[in-house]
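What follows is each chain in one-letter form.
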Amino acid sequence: VKSAINHGTLLTAGPLNGLLAFSDLKAFERRLTEYVSCLQPATGRWRMILIVVSVCTATGAWNWLIDPDTQKVSFFSSLWNHPFFTISCITLIGLFFAGIHKRVVAPSIIAARCRTVLAEYNMSCDDTGKLILKPRPHIQ
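Residues numbered from 1 in each chain as written. Predicted model: local features only at pLDDT ≥ 70, side-chain atom pairs only at ≥ 80, totals over all residues. Heavy atoms only, no water.

By the naming in an unreviewed UniProt entry, the protein chain goes by Nuclear envelope phosphatase-regulatory subunit 1 and is assigned to Scleropages formosus.

K.L.:
Tell me about the nonpolar core, and name the residues and values.
P.N.:
By size, the foremost hydrophobic cluster in this structure holds eight residues: L32, V36, A111, C114, L118, M123, C125 and L131. Counting residues per element, the ones that place at least two in this core are α1 (15–66), α5 (106–118) and β3 (123–125). With three residues, α5 is the single largest residue contributor to this core. Once you skip the residues sitting within four places of it in the chain, L131 turns out to touch L25, F28, E29, L118, S124 and C125. (Core = buried A, V, L, I, M, F, W, Y, C linked by side-chain atoms within 4.5 Å. Buried < 20%, exposed > 50% of the residue type's maximum accessible area, 1.4 Å probe, protein only. Helix = DSSP H or I, 4+ residues; strand = E, 2+ residues; numbered from the N terminus. Contact = heavy atoms within 4.5 Å.)

K.L.:
Describe the UniProt feature "transmembrane region" (unreviewed entry) in the protein chain, listing the residues and the values that go with them.
P.N.:
Per the UniProt annotation, the sites labelled "transmembrane region" (unreviewed entry) are residues 48–66 and 78–100. End-to-end, the C-alpha atoms of residues 48–66 are 27 Å apart, and along that stretch the chain is 100% helix and 0% strand. Overall, residues 78–100 shows 87% helix and 0% strand. The separation of its end C-alpha atoms is 28 Å. (UniProt positions renumbered as here; feature names shortened; annotations may be inferred.)

K.L.:
Explain a nonpolar patch on the surface to me, using residue names and the numbers behind them.
P.N.:
A cluster of nonpolar side chains, contributed by M48, I51, V52 and V55, occupies part of the molecular surface with about 370 Å² of accessible area. If you trace the backbone, V52 turns up in helix α1. (Patch = residues over 30% accessible without salt bridge, like charges linked within 9 Å, V, L, I, M, F, W, Y side chains within 5 Å. Areas by Shrake-Rupley, 256 points an atom, 1.4 Å probe, with all protein chains shown as cover. Salt bridge = Lys/Arg side-chain N within 4 Å of Asp/Glu carboxyl O.)

K.L.:
Please provide a residue-by-residue account of helix α3 (residues 83–97), values included.
P.N.:
The terminal C-alpha atoms of α3 lie 21 Å apart, and with 15 residues this matches the ideal 21 Å at 1.5 Å per residue to within 8%. The complete set of buried residues in α3 reads F85, T86, S88, L92 and L95. Immediately downstream of α3, the backbone of G99 shows phi near 95 degrees, a positive value. (Expected span 1.5 Å × (residues − 1).)

K.L.:
Talk me through the side chain of T70; I want residue IDs and the actual numbers.
P.N.:
Residue placement: T70 occurs in the loop between α1 and α2 (75–81). Within polar-contact distance, the side chain of T70 engages the backbone oxygen of W64 at 2.7 Å. Once residues lying within four places of it in the same chain are set aside, the contact partners of T70 are W64, S78 and H82. (Polar contact = N/O pair within 3.5 Å; in protein donor to acceptor, adjacent residues only side chain to side chain.)

K.L.:
Report on the packing of aromatic side chains, specifying residues and quantitative values.
P.N.:
Throughout the structure, instances matching the rule amount to three aromatic pairs. Ring plane angle 75 degrees and centroid distance 6.1 Å describe the contact between W64 and F75, whose orientation is recorded as edge-to-face. Residue W64 is found in helix α1, and its partner F75 is found in helix α2; the two are separated by eleven residues along the sequence. The exposure class assigned to W64 is buried, which follows from its relative accessible area of 15%. With a relative accessible area of 48%, F75 lands in the partly exposed category. The rings of W64, F75, F76 and F85 are connected pair by pair, giving a single aromatic cluster. (Phe/Tyr/Trp six-rings, centres within 6.5 Å; stacked < 30°, edge-to-face > 60°.)

K.L.:
Talk me through the pattern of salt bridges; I want residue IDs and the actual numbers.
P.N.:
Under the criterion given, the structure shown has three salt bridges. For the salt bridge of K26 with E29, the shortest nitrogen-to-oxygen distance reads 3.2 Å. Of this pair, K26 and E29 both sit in helix α1, three residues apart, which is roughly one turn of that helix. Look at K26 and you get partly exposed, because its relative accessible area is 35%. Classification of E29 by relative accessible area gives buried; the value is 12%. The salt bridge involving D127 is made with R115; its shortest N-O contact spans 2.7 Å. Separated by twelve residues along the polypeptide, D127 in the loop between β3 and β4 (131–133) and R115 in helix α5 bring together distant segments of the chain. D127 sits in the partly exposed class, given a relative accessible area of 47%. For R115, a relative accessible area of 28% corresponds to the partly exposed category.

Encoded structure:
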């Protein structure tokens, strides 16, 4: 029973190697879907935090802009007069520095990196981690 890797395609001889390759693919798919699904609750919480802080910042910005005193006083005085906007804006900036923009799309990043690696083996995966087997290219 022989197996070789040729141009990124696994060539197997015999039913045992095919069965082992299939079980390895199923185990990889199971682990990938498990990992992506474990990220979903945290991703949902980070998305909700981002939405709430963004809405607070937008609401505070609207109130800050429509206030007639904003044009009459200095920039820092106007920020001092609108603490809701100032705090929500600082919170939003802090969240971006902390990497919230990566945390809200973490499952997509993992899936994209897996697609890059799996492309060498004529495979891909969807956003949930399920493997997609592509037909072998015909070499002539």
